[in-house]
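Structure at a glance
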Amino acid sequence: VAPVRRAGTKDNAEFAAIAALVQDWDSIANWLVEALFADDVARRAFVAVGEAGGVLDTALSLADPEAREFLERAAVADLDGDPIREACTLIAAATRRALARHRTSVTDDDLATFRDLRLLLEDLDEPTSADVAAEALLVWLAQLAEETGEPRD
């Protein structure tokens, strides 16, 4: 079995999204929720930035040491990608993780919902429908987190 390769912080979507968040809050803040972050350090960094309303100095003072270091790197990272594209990547990954977790307990009522979610995942790749699909998936992820009582996915 091949070992699982974890993406380094310089090249993963979670890091890119946090970098965009601390460098240009308005470009991505509306597209991020806590449930999108699978990496605990990235999630804690996101929470700190959110609690600080996007003010980096405040976020650094709120963050634990690991999250603070993550935020410091993100603040000076050279961004190449589109912030919304990074958000869509996170939304797609979080949706796939949630679907995989619920795969074993699917009811007949869930089948139509899961089909719709998979179609929305495909729509994330279409420029004309990505915004609508991302918003719908974020709503579903938030509802799922509320139902399960989990602060993240």
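For the structure itself, look to the data block above.
Scope of this entry: the structure provided in the associated data block. Keep in mind the model is a prediction, meaning the values are calculated, not measured.

1. With respect to the overall build of the protein chain
Across its full length, the protein chain holds 8 helices and 0 strands. The C-alpha radius of gyration computed for the protein chain amounts to 16 Å, which stays within 12% of the reference 15 Å derived for 153 residues, consistent with globular compactness. C-alpha atoms of the protein chain, sized along the principal axes, occupy 50 × 35 × 35 Å. The burial tally for the protein chain puts 42% of its 153 residues in the buried class. Put simply, of all contacts in the protein chain between residues at least 6 apart along the chain, 66% involve residues at least 24 apart.

2. Looking at the packing of helix α6 (residues 83–101) against helix α7 (residues 108–123)
The packing of two helices is summarised by the inter-axis angle and the distance between the axes. One can describe the packing of α6 onto α7 by two numbers: an axis separation of 11 Å at closest approach and a directional angle of 155 degrees. Our classification of the angle between α6 and α7 gives roughly antiparallel. By crossing handedness, the relation of α6 to α7 is classed as left-handed. Facing α6, whose interface residues are A92, T95, R96 and L99, α7 presents F114, L117, R118 and L121. Here the contact of α6 with α7 is built from residues that sort into 5 nonpolar, 1 polar and 2 charged.

3. Looking at the nonpolar core
I18, L32, L36, L71 and L124 are the most contacted members of the largest nonpolar core, which has 49 residues in total. Mapped by element, the contributors of at least two residues to this core are α1 (13–23), α3 (40–51), α4 (56–62), α5 (65–76), α6, α7 and α8 (130–148). Every residue in contact with I18, bar those within four places of it in the chain, is listed here: F37, A42, F46, F70, L71 and A74.

4. Here we look at the environment of L62
The residue L62 is located in helix α4 in this model. In sequence terms L62 and A45 are 17 residues apart; their C-alpha atoms lie 9.2 Å from each other. Ignoring any residue separated from it by four or fewer positions in sequence, one finds L62 in contact with A48, E51 and A52.

5. Topic: the pattern of salt bridges
Taken as a whole and assessed by the stated rule, the structure comprises 8 salt bridges. In this structure, R85 and D125 form a salt bridge, with 3.7 Å as the shortest nitrogen-oxygen distance. Of this pair, R85 sits in helix α6 while D125 sits in the loop between α7 and α8; the two residues are 40 residues apart in sequence, bridging distant segments of the chain. Among the salt bridges present, the one from D116 reaches R115, with a minimum N-O distance of 2.9 Å. Shared partners join several salt bridges into a network, and the residues in it are E34, D40, R43, R44, D64 and E66.

6. A short note on α8
The terminal C-alpha atoms of α8 lie 27 Å apart, and with 19 residues this matches the ideal 27 Å at 1.5 Å per residue to within 8%. Listed as buried for α8 are A130, A133, A134, L137, L138, W140, L141, L144 and A145. Buried residues of α8 fall within an arc of 165 degrees about the axis and therefore sit on the same side. Of the residues in α8, the exposed ones pointing more than 90 degrees away from the buried face are V132, E135, E146 and E147. The secondary structure elements touched by the buried residues of α8 are α6 and α7.

7. Details of the packing of α6 against α8
At a minimum axis distance of 10 Å, the contact between α6 and α8 shows a crossing angle of 45 degrees. Considering their axes alone, α6 and α8 lie oblique with respect to each other. As for how α6 packs across α8, the hand of that crossing is left-handed. Between α6 and α8, the residues in contact are I84, C88, I91, A94, T95, A98, L99 and R101 and D131, A134, L137, L138, W140, L141 and L144, respectively. Classifying every residue of the contact of α6 with α8 gives 12 nonpolar, 1 polar and 2 charged.

What counts as what
- Along each chain, numbering runs from 1 in the same order as the chain's sequence is written.
- Per-residue local features are limited, in this predicted model, to residues with pLDDT of at least 70; the limit for side-chain atom pairs, both in listing and counting, is 80 or more; totals at the level of whole chains, interfaces and linings are taken over all residues.
- Values shown for side chains rest on all heavy atoms present in the structure; no hydrogens or waters enter the calculation.
- Counting from the N terminus, the helices are DSSP H or I runs at least four residues long and the strands are E runs at least two residues long.
- Radius of gyration: C-alpha atoms only; globule rule: 2.2 Å multiplied by the number of residues to the exponent 0.38.
- Exposed residues in this analysis have more than 50% of their type's maximum accessible area, buried residues have under 20%, and partly exposed residues fall in between, with area computed by a 1.4 Å probe over protein chains only.
- Whether two residues are in contact is decided by their heavy atoms, any of which lying within 4.5 Å being enough.
- Fitting a line to C-alpha atoms yields each axis, with helices limited to the stretch in contact; the angle taken between N-to-C directions then spans 0 to 180 degrees.
- Here is the rule for angles: anything less than 35 degrees is roughly parallel, anything more than 145 is roughly antiparallel, 65 through 115 is roughly perpendicular, and the remaining ranges are oblique.
- Two helices that cross are described as forming a left-handed crossing if the nearer one is turned anticlockwise from the farther one by less than a right angle, and a right-handed crossing if clockwise.
- Gly is put with the polar residues, along with every residue not named as nonpolar or charged; the nonpolar set is Ala, Val, Leu, Ile, Met, Phe, Trp, Tyr, Cys and Pro, and the charged set is Asp, Glu, Lys and Arg.
- Remark: nonpolar core denotes a set of buried residues (Ala, Val, Leu, Ile, Met, Phe, Trp, Tyr, Cys) joined through side-chain atoms within 4.5 Å.
- Note on definitions: salt bridges are taken to be side-chain nitrogens of Lys or Arg within 4 Å of carboxyl oxygens of Asp or Glu.
- For a helix, the expected span equals 1.5 Å multiplied by the number of residues minus one.
- What the arc measures is the spread of directions leading from the helix axis to the C-beta atoms.

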